[in-house]
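# Observations on chain architecture
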Protein chains: 2
Amino acid sequence: MSLVVVGSVAYDAVETPHGKVDRMLGGACTYIALSASYFTKISIVGVVGDDFASEDVDLLSSRGIDLEGLERVPGKTFFWRGVYSNDMNDRETLQTDLNVFEHFQPKLPASYKKQPYLFLGNIQPGLQKDVRDQMTGARLVGGDTMNLWIEITRDQLAETLKGWDFLLINDGEARMLAKENNLRKAAAKILEMGPKILVVKRGEYGAILFTPTYHFIAPGYLLQDVFDPTGAGDCFAGGFMGYLASRGVDIADTAYNRRELFRATIYGSVMGSFCCEKFGVERFRSLTRPEIDARFQEFKDFTDF
Amino acid sequence: MSLVVVGSVAYDAVETPHGKVDRMLGGACTYIALSASYFTKISIVGVVGDDFASEDVDLLSSRGIDLEGLERVPGKTFFWRGVYSNDMNDRETLQTDLNVFEHFQPKLPASYKKQPYLFLGNIQPGLQKDVRDQMTGARLVGGDTMNLWIEITRDQLAETLKGWDFLLINDGEARMLAKENNLRKAAAKILEMGPKILVVKRGEYGAILFTPTYHFIAPGYLLQDVFDPTGAGDCFAGGFMGYLASRGVDIADTAYNRRELFRATIYGSVMGSFCCEKFGVERFRSLTRPEIDARFQEFKDFTDF
């Protein structure tokens, strides 16, 4: 069933030990949508400037992504430049030009409002709440946030989270949000804030899905070469949410859906791993669903005892 | 089948965010032996001073550990003092008094030499090789090492590793030994140095078992409270080797033994997790085999999809 994705569409400049790209398609919404498009029909909500290239529109269209909600306004597209450390576990932001993204007000086309699945990429929590409130019939809503919003809009974020079925953040953000260093205790605190499910991304170590009554640990895939980790966490989100949407899952009953939630977490790890195999979104030009399912099977082989 | 464990027996002083202990039983051999004793019969080789307390002898004996190879000499037992960071991911060594351990020459009692399983704790690689060469009938030999020996005795260590079936080290040591940052490539290089199996410990993230044809990823257990991580890696080794010994496994055919190797890796993670629940070796005063098997089942529940 179809999934609405809201978030940033950007151009990135990235340097890793494997090379350097001065301008390539990026942004959380882009990665989430491309990743999820292997599982279900995607519609995106975002904003770009008049410099947004037709070849980038074509890439998104080639994956069947509905671009009616991708607003184009005068000015430049959001631009980010960063450089990764030698082991690629750290990155430094060298430049952030918000450009047209600075005043982004998500506008939902009428055709989007009845769609059953919604993923809110990392934008200001008040904007996330506005979008969620317009999707009155959604059967499954989740999203991401970041340290900035946890710091400066904690109360607003708490209000926003009350309307979500799941929250998907990294381990550092989970500890910051819960004000608790132990991950298991932090998860328990966050699950009292509204979401029925918390998914904690751990970078190369994979991810953990928490519910009030059980948890599931997915490892990261051991790549021979990590070319560029940019977007891997967003591709995880796309695989996780895309799989759930493709299976028609809602999570009113997390016990009933346990197995589907576990598999969604593995598909998240699978999609995050593919993302790192080439620079930016390049891997999605050639990636096929059979490759995805073959890697899913690999995860079974190296975790099943 | 019975297992010989060689390594340090020590007294430790440890401070963690949960408390402080000025003197408690420690040492790699101690932790490995206590952990493995839940799976099979253990004989240890080590040295202590005349300050070694009878109550500590009693604890080892209570687990059925054969102490014939535990030499007692005039002087003080090896002493180590350390303090952990707030998140317990780092620790600082404040004091290391080798004492009687400085001139440790492992002496194998005659009754040990015919035993089928041998685990060589982290001691000087030349000493490890001497012991291994005396155990001519061993069906499975493995051990640990550390950054110091990789740095100052690399060639000697390489000779030693040729006689081992498996090497069990942490991820930083694996990268250093292979001179390769990517873990999968590092593992491939190390497997060309002699051992048929490499087990890489990743602290709170669990461990990975590598063979030339497959690998297996075991997560770490999510504890609510980590009181003291001292010895957790050694308890992992004890669980891994103890389980294999209990099953009579040799690894001439790693394909045939695949499932047993996977389960041994999980038992390693299980034993490492119990170790952290109390200070030092305290948890082993009350731990029971049914508790161990219940936690093994928990690992199944939170990894099986």
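Residues numbered from 1 in each chain as written. Chains lettered and ligands numbered in written order. Predicted model: local features only at pLDDT ≥ 70, side-chain atom pairs only at ≥ 80, totals over all residues. Heavy atoms only, no water.

### A short note on the sheet that holds strand 3 (residues 19-26) of chain B
Residue and element names in this part refer to chain B. Applied cut-off: Two strands pair under a simple rule: DSSP has to find at least two bridges between them. Secondary structure counts use DSSP, requiring at least four H or I residues in a row for a helix and at least two E residues in a row for a strand, with both numbered from the N terminus. The axes are straight lines fitted to the C-alpha atoms, using for helices just the contacting stretch, and the angles between their N-to-C directions are given from 0 to 180°.
Ordered in space as 3-2-6-7, the 4 strands form an open sheet in which the pairing is mixed. Single-partner strands in this sheet number two, and they are strand 3 and strand 7 (91-97). Taken over all neighbouring pairs, the strand axes of this sheet differ in orientation by 15 degrees on average, direction set aside. Inspection of the sheet shows strand 6 (residues 79-84) paired to strand 7 by 6 bridges, in the antiparallel sense. Note that in strand 7 the partner of W80 across the bridge is T96.

### Notes on the confidence of the model for chain A
To keep it simple, the criterion reads: How sure the predictor is of each residue is captured by pLDDT, a score from 0 to 100.
For chain A, the average pLDDT comes to 96, and 100% of its residues sit at 70 or higher. Listed scores for the predicted complex are pTM 0.96 and ipTM 0.94.

### Focus on the pairing of strand 13 (residues 215-218) of chain B
Residue and element names in this part refer to chain B. We count it as follows: Type-normalised accessible area, obtained with a 1.4 Å probe on protein chains alone, sets the label of each residue: buried when under 20%, exposed when over 50%, and partly exposed for intermediate values.
Burial along strand 13 is two-sided: H215 and I217 facing one way and F216 and A218 facing the other are all buried. In this structure, strand 12 (residues 207-210) lies alongside strand 13, joined through 4 bridges in antiparallel fashion. Its bridge partner lying in strand 13, L209 is registered against F216. The loop that links strand 12 with its antiparallel partner strand 13 comprises 4 residues.

### Things to note about the packing of helix 6 (residues 171-178) of chain A against helix 7 (residues 183-191) of chain A
Residues and elements named next belong to chain A. Our working definition: Throughout this description, any angle smaller than 35 degrees is read as roughly parallel, any larger than 145 degrees as roughly antiparallel, any in the 65 to 115 degree range as roughly perpendicular, and the remainder as oblique. Here a crossing is taken to be left-handed if its near helix is turned anticlockwise relative to the far helix by less than a right angle, and right-handed if that turn runs clockwise. Contacts are residue-level and defined by heavy atoms, with any inter-residue pair within 4.5 Å sufficient. Only Asp, Glu, Lys and Arg are considered charged in this grouping, and only Ala, Val, Leu, Ile, Met, Phe, Trp, Tyr, Cys and Pro are considered nonpolar; every other residue, Gly among them, is considered polar.
Taken N-terminus to C-terminus, the directions of helix 6 and helix 7 make an angle of 60 degrees; their axes are 9 Å apart at the nearest point. Overall, the two elements helix 6 and helix 7 adopt an arrangement that is oblique. Of the two possible hands of crossing, helix 6 and helix 7 adopt the one that is left-handed. Across the interface between the two elements, D171, A174, R175, L177 and A178 of helix 6 pack against L183, A186, K189 and I190 of helix 7. For the contact of helix 6 with helix 7, the residue count by class is 6 nonpolar, no polar and 3 charged.

### Topic: helix 6 of chain A
All names here are of chain A. Note the cut-off: In this description, the arc belongs to the directions extending from the helix axis to the C-beta atoms.
When we look at burial in helix 6, the residues that qualify are D171, E173, A174, L177 and A178. Viewed end-on, helix 6 has its buried residues packed into an arc of 160 degrees, placing them on one side of the element. Buried residues along helix 6 sit against helix 4 (147-152), helix 5 (154-161), strand 10 (166-170), helix 7 and strand 11 (197-201). Just downstream of helix 6 lies K179, where phi reads positive at about 55 degrees.

### Brief notes about the relation of the copies chain A and chain B
As a reminder, the rule being used: To superpose the copies, least squares is applied to the C-alpha atoms of every residue with a pLDDT of at least 70 in both.
The two copies are related by a screw motion: chain A maps onto chain B through a turn of 180 degrees and a shift of 0.0 Å along the axis, at an RMSD of 0.0 Å. This pairing of chains is accounted for by a two-fold axis. When you check the interface residues of chain A against chain B, 100% turn up at the interface there too, and the contact is symmetric in its surfaces.

### Structural notes on the state of the cysteines
Residue and element names in this part refer to chain B. Put simply, the rule is: By convention in this document, the label disulfide applies to cysteine sulfur atom pairs within 2.5 Å.
As enumerated under the stated definition, the model contains 0 disulfides over all chains in all. You can see C275 has no disulfide; the closest cysteine sulfur is in C235, sitting 3.6 Å from it. According to the relative accessible area criterion, C275 is buried, its value standing at 0%.

### Examining the interface of chain A and chain B
As a reminder, the rule being used: Salt bridges are identified by distance alone: a Lys or Arg side-chain nitrogen within 4 Å of an Asp or Glu carboxyl oxygen.
On the chain B side, the residues contacting the 36 residues of chain A number 36 residues. At the junction of chain A and chain B, the tally comes to 2 salt bridges. A salt bridge links K185 of chain B to D225 of chain A, with the nearest nitrogen and oxygen atoms 2.8 Å apart. For the side of chain A that touches chain B, the secondary structure elements donating two or more residues are helix 6, helix 7, strand 12 (207-210), strand 13 (215-218), helix 9 (258-275) and helix 10 (289-303) of chain A.

### Points about the sheet that holds strand 9 (residues 140-143) of chain A
All names here are of chain A. As summarised here, the arrangement of the 9 strands in space is 5-4-1-8-9-10-11-12-13, forming an open sheet in which the pairing is mixed. Of all strands in the sheet, those bounded by a partner on one side alone are strand 5 (66-72) and strand 13. Between one strand axis and the next, the sheet turns through 15 degrees on average, direction left out of account. Inspection of the sheet shows strand 11 paired to strand 12 by 4 bridges, in the antiparallel sense. Its bridge partner being in strand 12, K201 is matched across the sheet by A207.

### Some details on the packing of aromatic side chains
The way to describe two aromatic rings as a pair is by their centre distance and the angle between their planes. So the rule is basically this: Only centres within 6.5 Å qualify two rings of Phe, Tyr or Trp (six-membered ring in Trp) as a pair; their planes then separate them into stacked at under 30 degrees, edge-to-face at over 60, and tilted for everything else. Charge-over-ring placement is defined geometrically: NZ (Lys) or CZ (Arg) within 6 Å of the ring centre, and within 35 degrees of the ring normal.
With the rule as written, the count across this model stands at 35 aromatic pairs over all chains. Centroid distance F305 of chain A to F296 of chain B: 5.3 Å. Interplanar angle 70 degrees. Geometry classified as edge-to-face. Of the two residues, F305 of chain A is situated in the segment after helix 10 and F296 of chain B in helix 10 (residues 289-303); the pairing between them involves two chains. Residue classification places F305 of chain A among the buried residues on the basis of a relative accessible area of 2%. Classification of F296 of chain B by relative accessible area gives buried; the value is 10%. Among the aromatic residues, those joined into a cluster by ring pairs are F39, Y214, F216, Y243, F262, Y267 and F296 of chain A together with F305 of chain B. Above the plane of the ring of Y38 of chain A lies R63 of chain A, whose end atom (NZ or CZ) is 3.6 Å from the centre.

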